[in-house]
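Descriptive analysis of the structure
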Amino acid sequence: MTDSITNESVVCAICYAYKVDSYSPTYLTRGDKIFTIDVTKDISISSNETIDMKLQYSDTNHTAAQWAAGNMKVEAQYRAFSGAASMAVETTENSKYHTVRVDAIGMCTKNCLTSRGIFRTHPQDFVTEDFKVAVKELTVEELENKVGVFYAIKLQLGGMVKRSFVMEATEEDNETKVTAELQTAFGKECLGASFSAAGSFETGRRSSNKNAKVRREWRAQGGDIDLWFQVGKNEEDKSAFSSAMEIAREWAKTIDNTNVYPFDFELRPLWELIAEFDEKKAGEFRNYLEEKWEKEGSRHVPTMFLPTKLRVEQLPDASKTFLLNTCRVHKTAMVEEAATAQSYLDSVMYLVDRKCYKKWRKAAESGKEEATEIRDIVSRDDDITVEELIEQLETRADHRFSQSQRYLGLWGNDSKESNRIENLNKAFLDKLIKRLNGDLICQVSVEEWHVDLEECEKQVTEAVEWFDENISCMQSEDRLKNIVKAIDQVKSMQESLTGFLERLQSEVEK
């Protein structure tokens, strides 16, 4: 393929400027052509046919934009990709929750293009006349939109598919946990497609946490990309591919020099090239872009993790003690009720109301066993969440309610005592449910409390910064008046915070 690739339609990829594009798997799309080269001496073309699959994990500490910029050797300009490689679940609104992102990437490389010689060291000698005119006449906004913001000194030709998962995260989430969750749902490479995932964009909920939103995107370029939508498409469809690697091999066969796309770029900022012709315009262009990228990078600024699903083992000691004591008391009561029912069965009264006493004893013994089961869950099950336990208890309570409504025997006499016991069983369960719901509400309140403290800290910091920047601009009279007022405000805050700090420290020392 090396011989046939020397035609202009393919190698011209390195002659173009590139713009940031959120709809491309590479985050880039072609801008205007800016170089004219001799393909026989100004670039090297190497055949390098490979198939590669990888998972790329991003979080607040190292975002997808930083990954993208690092891979393209423009680390300092990572904010350029903050919008295209967004860490936000909702693209139209801000979210206060931290997110994690996993990009499942499949690449088929056919050839590698690299600038060389004078074109590598002095690219300004190869720019088109149109580019020179654009630098002279266009505004910085027009340069970005009509020409581009980067140019390439190296790129691969082939095809690329990318499936991105952006999800709200709890403090317990990490690369191992999140990757395992996705691999369970979408296979080892996380590139398995389904009818619901075949679209380019969709939102939903995480399988591990229904409270956590997730955004899924699918992007592909090069060859016959429709093949990818057959991965695990239908168990009855024998033509469907069983794995992403299997389909990648078939997909690679469809990529040729008529449908290859550039990817895996090594870039340089376009303002470096512009500076060779107009240093002032280059500086304006750089400042314009960096200010714009700074704003885009500030759109998603999370302040807290999604509240972790509270597990029963994480309940405060007071709550655990309450649950266990409630179980113990109810079990004791049911043992006594069963013994009372048995005493009637052992007496001459057995002949009169034997059905009533048997049902009474059965309901009491069932309540005793249930109290024991719940006690064991609270004291021994390390994995069950409070929500899951509440759901179990509500199901049990519904059953107890239905059992308490029976009307058996003459005038309902046979179910009179068992109905009473079932009402006690339900009341016991309702008591546990109420306490657990209170713990969940308290957890949310604590999360919001920390957010309030963080917001307070942020506002104080902003007030200090404003003071530093603006105090010298005030008239002398206003300056003194405002400073005196600020002193009173700060003293008031200081007194409140000092008292609050003492209360917190006393709690730690208990």
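Residues numbered from 1 in each chain as written. Predicted model: local features only at pLDDT ≥ 70, side-chain atom pairs only at ≥ 80, totals over all residues. Heavy atoms only, no water.

The secondary structure content of the protein chain amounts to 14 helices and 8 strands. When burial is assessed residue by residue, the protein chain has 41% of its 510 residues classed as buried. For the protein chain, long-range pairs separated by at least 24 residues make up 77% of all intrachain contacts whose partners lie at least 6 apart in sequence. (Helix = DSSP H or I, 4+ residues; strand = E, 2+ residues; numbered from the N terminus. Buried < 20%, exposed > 50% of the residue type's maximum accessible area, 1.4 Å probe, protein only. Contact = heavy atoms within 4.5 Å.)

One pass over the full model with this rule turns up 14 aromatic pairs. With centroids separated by 5.0 Å and ring planes inclined at 80°, the aromatic side chains of Phe 35 and Phe 119 adopt a geometry described as edge-to-face. Residue Phe 35 is located in the loop between strand E2 (28-33) and strand E3 (43-58), and its partner Phe 119 is located in helix H3 (residues 117-121); the two are separated by 84 residues in the primary sequence. Accessibility assignment for this pair places Phe 35 and Phe 119 in one class, buried. Measuring from ring centre to ring centre gives 6.3 Å for Tyr 357 and Trp 360, while their planes differ by 50°; the resulting arrangement is tilted. On the criterion of helical spacing, the pair formed by Tyr 357 and Trp 360 is a turn pair, its members being 3 residues apart in helix H11 (residues 350-380). Just as Tyr 357 is buried, Trp 360 falls in that class too. (Phe/Tyr/Trp six-rings, centres within 6.5 Å; stacked < 30°, edge-to-face > 60°.)

As a further point, take a nonpolar patch on the surface. Together, Val 460, Val 464, Met 493 and Leu 497 line one region of the surface with nonpolar side chains, adding up to about 320 Å² of accessible area. Summarising the element assignment, Leu 497 is placed in helix H14 (residues 476-509). (Patch = residues over 30% accessible without salt bridge, like charges linked within 9 Å, V, L, I, M, F, W, Y side chains within 5 Å. Areas by Shrake-Rupley, 256 points an atom, 1.4 Å probe, with all protein chains shown as cover. Salt bridge = Lys/Arg side-chain N within 4 Å of Asp/Glu carboxyl O.)

For the protein chain, per-residue confidence averages 85 on the pLDDT scale, and 87% of positions sit at 70 or higher. Under a pLDDT of 50 for its full length, residues 194-199 has, in the predicted model, 7 contacts with residues more than four places off or in other chains. (pLDDT = per-residue confidence, 0-100.)

This part covers the side chain of Ser 24. Within the fold, Ser 24 resides in the loop between strand E1 (16-20) and E2. A polar atom in the side chain of Ser 24 sits 2.8 Å from the side chain of Thr 26. Residue contacts for Ser 24: discarding those within four places in its chain leaves Arg 219 and Gln 221. (Polar contact = N/O pair within 3.5 Å; in protein donor to acceptor, adjacent residues only side chain to side chain.)

On to a negative patch on the surface, then. Taken together, Asp 381, Asp 382, Asp 383, Glu 388, Glu 391, Glu 394 and Asp 398 make up a surface patch of like negative charges. As for its position among the elements, Asp 382 is in the loop between H11 and helix H12 (386-403). The class of Asp 382 is partly exposed, set by a relative accessible area of 44%. (Lys, Arg positive; Asp, Glu negative; His and termini not counted. Charge placed at Lys NZ, Arg CZ, Asp CG, Glu CD.)

With that out of the way, let us pick up the pairing of strand E5 (residues 150-168). The buried fraction of E5 is high, at 18 of 19 residues. Bridge analysis of E1 against E5 gives 2 bridges, and the strand direction is antiparallel. Bridge pairing in E5 links Tyr 18 to Phe 150. As paired strands, strand E4 (residues 99-115) and E5 are joined by 15 bridges and run antiparallel to one another. The residue of E5 that forms the bridge with Val 102 is Phe 165. Sheet topology places E5 next to strand E8 (residues 261-269); 7 bridges connect them, and they run antiparallel. (Pairing = 2+ DSSP bridges.)

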